[in-house]
Amino acid sequence: MIWLILATLAVVFLIGFRIVNSDSRRASQALTKRLNIEPVYVESMISQMGKTPGGEFVSYLLHNTEAHIGNAAGVLLIYQTFIIDESEESLLFWHSVLGKARLPAELTHKHIRLALSFLRELEPDADELAAYRLRYNGRFTAIADAGPAANGNVFYMDGVSPKH
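Report follows, based on the coordinates.

Parameters at a glance
- Residues numbered from 1 in each chain as written.
- Predicted model: local features only at pLDDT ≥ 70, side-chain atom pairs only at ≥ 80, totals over all residues.
- Heavy atoms only, no water.
- Buried < 20%, exposed > 50% of the residue type's maximum accessible area, 1.4 Å probe, protein only.
- Helix = DSSP H or I, 4+ residues; strand = E, 2+ residues; numbered from the N terminus.
- Arc of directions from axis to C-beta.
- Contact = heavy atoms within 4.5 Å.
- Axes fitted to C-alpha atoms, helices over the stretch in contact; angles between N-to-C directions.
- Parallel < 35°, antiparallel > 145°, perpendicular 65-115°, else oblique.
- Left-handed = near helix turned anticlockwise from the far one by under 90°.
- Nonpolar A, V, L, I, M, F, W, Y, C, P; charged D, E, K, R; others polar.
- Patch = residues over 30% accessible without salt bridge, like charges linked within 9 Å, V, L, I, M, F, W, Y side chains within 5 Å.
- Areas by Shrake-Rupley, 256 points an atom, 1.4 Å probe, with all protein chains shown as cover.
- Salt bridge = Lys/Arg side-chain N within 4 Å of Asp/Glu carboxyl O.
- Polar contact = N/O pair within 3.5 Å; in protein donor to acceptor, adjacent residues only side chain to side chain.

### Brief notes about helix 4 (residues 51-61)
Next, step 1: Along helix 4, the positions that sit buried rather than exposed are Pro53, Gly54, Phe57, Val58, Tyr60 and Leu61. Along the axis of helix 4, the buried positions cluster into a sector of 160°, meaning they face one direction only.
Next, step 2: Turning to helix 4, the residues buried within the fold contact helix 2 (22-35), helix 3 (39-49), helix 5 (66-84) and helix 7 (109-118).

Rendered as structure tokens:
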């Protein structure tokens, strides 16, 4: 009789746990499947965010649009390469993860704002994060050096752009 009660409690606990964490699990799966990475990366970031920011991140990710997935991947990139491991190997690994997922590899101002919002309990410094963005983009994106015509995806054969 005691075994039946314990088994019932265990089943109720497991079902309750799955119901409580279903949004978090779906959000984590959406990002991990797109990036083709282990769920531990996303789940550890969400747990380090804290309860309120983590819930906001999960809600943001549950929109499940391409823009939200891309922005969440940018926040994950910042978390993994700015907060957890700033090594060259880490930068190369996460840059290749974004490339394989066919997501933009450039960090934008929006990524920085979202990271400051979602990672606020970790208290990242806004100036250091902005400097990191410039270093990262300088390292991995050549479009900034290609000139103003490249930013509009317009390339002129003679190298001279018309005056506006």
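### A word on the packing of helix 2 against helix 4
Next, step 1: The geometry of helix 2 relative to helix 4 is characterised by a closest axis approach of 9 Å and an angle of 60° between their N-to-C directions. Taken together, helix 2 and helix 4 sit at an angle that is classed as oblique. Relative to helix 4, the crossing made by helix 2 is left-handed. Seen from helix 2, the contacting residues are Asp23, Ser24, Ala27, Ser28 and Leu31; seen from helix 4, they are Phe57, Val58 and Leu61.
Next, step 2: In terms of residue class, the contact of helix 2 with helix 4 is made up of 5 nonpolar, 2 polar and 1 charged.

### Points about the packing of helix 2 against helix 3
Next, step 1: Contact geometry of helix 2 with helix 3 gives a least axis separation of 9 Å together with a crossing angle of 135°. Here helix 2 is positioned oblique relative to helix 3, judged by the angle of their axes. Every pair of crossing elements has a handedness; the one defined by helix 2 and helix 3 is right-handed. Seen from helix 2, the contacting residues are Ser28, Leu31 and Thr32; seen from helix 3, they are Pro39, Val42 and Glu43.

### Focus: a nonpolar patch on the surface
Next, step 1: A cluster of nonpolar residues, Met1, Ile2, Trp3, Leu4, Ile5, Leu6 and Leu9, forms a patch on the protein surface that exposes about 900 Å² of accessible area.
Next, step 2: Overall, the relative accessible area of 48% leaves Ile5 in the partly exposed class.

### Considering the side chain of His95
Next, step 1: Along the chain, the position of His95 falls in helix 6 (residues 88-100).
Next, step 2: Within polar-contact distance, the side chain of His95 engages the side chain of Tyr136 at 3.1 Å.
Next, step 3: Once residues lying within four places of it in the same chain are set aside, the contact partners of His95 are Leu77, Ala105, Tyr136 and Phe140.

In short, geometric facts, not functional conclusions.
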